[in-house]
Amino acid sequence: MSESTPRPSSLIHTVYGEFVRRLGGWISIADLIALMAELDVDGPAVRSATSRLKKAGTLLQERRAGTGYRLSPAMEPVFEEGDRRIFHSLEPASLSDGWVVAVFSVPESERAHRHQLRSRLSWLGFGNAAPGVWLAPARLLPDARRLLERLGLSAYVHLFLSAEYAGFADVRTAVASWWDLPAIEAQYAAFTGAWRPAAEELRGQPRIDPAEAFRAYVPMLTEWRRLPYLDPGLPAQLLPADWNAVPARAVFTELHGLLAEPSLRHVEKVTGLSDPQEPQ
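How each quantity is defined
- Residues numbered from 1 in each chain as written.
- Predicted model: local features only at pLDDT ≥ 70, side-chain atom pairs only at ≥ 80, totals over all residues.
- Heavy atoms only, no water.
- Helix = DSSP H or I, 4+ residues; strand = E, 2+ residues; numbered from the N terminus.
- Buried < 20%, exposed > 50% of the residue type's maximum accessible area, 1.4 Å probe, protein only.
- Contact = heavy atoms within 4.5 Å.
- Pairing = 2+ DSSP bridges.
- Axes fitted to C-alpha atoms, helices over the stretch in contact; angles between N-to-C directions.
- Expected span 1.5 Å × (residues − 1).
- Polar contact = N/O pair within 3.5 Å; in protein donor to acceptor, adjacent residues only side chain to side chain.
- Parallel < 35°, antiparallel > 145°, perpendicular 65-115°, else oblique.
- Left-handed = near helix turned anticlockwise from the far one by under 90°.
- Phe/Tyr/Trp six-rings, centres within 6.5 Å; stacked < 30°, edge-to-face > 60°.

Q: Could you give an account of the side chain of S72, naming the residues involved and the relevant values?
A: Position of S72 among the secondary structure elements: in the loop between β3 (66–71) and α4 (76–87). The class of S72 is buried, set by a relative accessible area of 11%. With residues near it in sequence (within four places) discarded, S72 still touches G57, T58, L59 and L60.

Below, the structure is given as structure tokens:
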């Protein structure tokens, strides 16, 4: 349904984040290959991707009823942060909430840390106001603190909370220079164009086949989960009047509501695992 095909490692990341975590955190490689085959990813590609994720510290190999992989405990805060951003931060921030400002200075001898700081703050949704000065809606402060501490970068950064912009330029003009709003809109437009037809098709179905739900939901969620990081959730007053995040969020919310639970049922059927939170 989407013109771009997600990488196998991205799809596996989604399968672990959305399903395997709820089913005990471990899955056999045989079952993972079976699930990924339904997403048109062959066995060698799955094995290669899991090997890379193991080297990156995302997965740990473990034998239970066969060889499989479980999530590294270090990844749990990462996935919890992802849950907040992907599923619970869908509405724009309020202008009255203010801003978090990150100021950093890194010695030239440690310029690799400078590049890492820029890339990670950008990934969190911060805009670049000036060299070494980044800002975002204030609600991103907890995520910023957790990320900087986890990466060992907190010693280089000062974080400030500011109630309002009190500068000389028009704030909407300033915001448009600090964030690449057209690039964010292009991503939202691509998502809506790819997945709105699926929402319209599935909306009237009395029952959605769990296997069909899984084949649609995993690529859709994989494509969506990048967007809440690209978009910091700027206040609506500072955005274009026709800001296209609104219809994109509506499409995501509808498809999540339609597909998430039947997809989980399908994963349970394929793997024989079950959600320990659910009554047996």
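That covers the picture; the talk isn't over yet.
Q: Can you break down the sheet that holds strand β1 (residues 26–28) residue by residue, with the values?
A: Pairing within the open sheet is antiparallel, and its three strands lie in the order β1-β3-β2. At either end of the open sheet lies a strand with only one pairing partner, and these are β1 and β2 (59–64). Strand-to-strand twist in this sheet, taken as the mean axis angle between neighbours without regard to direction, amounts to 35°. In terms of strand pairing, β2 meets β3 through six bridges, oriented antiparallel. Along β3, the bridge assignment pairs L60 with R70.

Q: I'd love a proper account of helix α9 (residues 210–224), names of residues and values included.
A: For α9, with 15 residues, the first-to-last C-alpha span of 20 Å sits near the 21 Å given by 1.5 Å per residue. Counted residue by residue, α9 has 13 buried out of 15 residues, so it is predominantly covered. Where α9 begins, the capping side chain belongs to D209, and its oxygen is found 3.2 Å from the backbone nitrogen of A211.

Q: Explain the packing of helix α1 (residues 8–18) against α9 to me, using residue names and the numbers behind them.
A: Running from N to C, α1 and α9 cross one another at 105°; their axes reach a closest spacing of 9 Å. In terms of their interaxial angle, α1 and α9 are classed as roughly perpendicular. Packed against α1, whose contacting residues are S10, L11, T14, V15 and E18, the element α9 presents F214, Y217, V218, P219, L221 and T222 at the interface.

Q: Please provide a residue-by-residue account of the packing of helix α5 (residues 111–124) against helix α6 (residues 141–150), values included.
A: At their nearest, the axes of α5 and α6 sit 11 Å apart, and the two run at 150° to each other. What the angle tells us is that α5 and α6 run roughly antiparallel. In this structure, the crossing between α5 and α6 has a hand that is right-handed. Residues L117, R120, W123 and L124 of α5 pack against D143, A144, L147 and L148 of α6.

Q: Explain the packing of aromatic side chains residue by residue, including any values.
A: On inspection of all chains with the given rule, the structure shows ten aromatic pairs. Between W224 and F252, the aromatic rings sit 4.6 Å apart at their centres with planes inclined by 5°, giving stacked as the arrangement. Of this pair, W224 sits in helix α9 while F252 sits in helix α11 (residues 245–271), and the two are 28 residues apart along the sequence. No difference in accessibility class separates W224 from F252, as the two residues are buried.

Q: Tell me what's going on with the pairing of β3, and back it up with residues and numbers.
A: Consecutive residues of a regular strand have side chains that alternate between opposite faces of the sheet. For β1 and β3, the ladder comprises three bridges, and the chain directions are antiparallel. Looking at the pairing, W26 lines up with R70 of β3.

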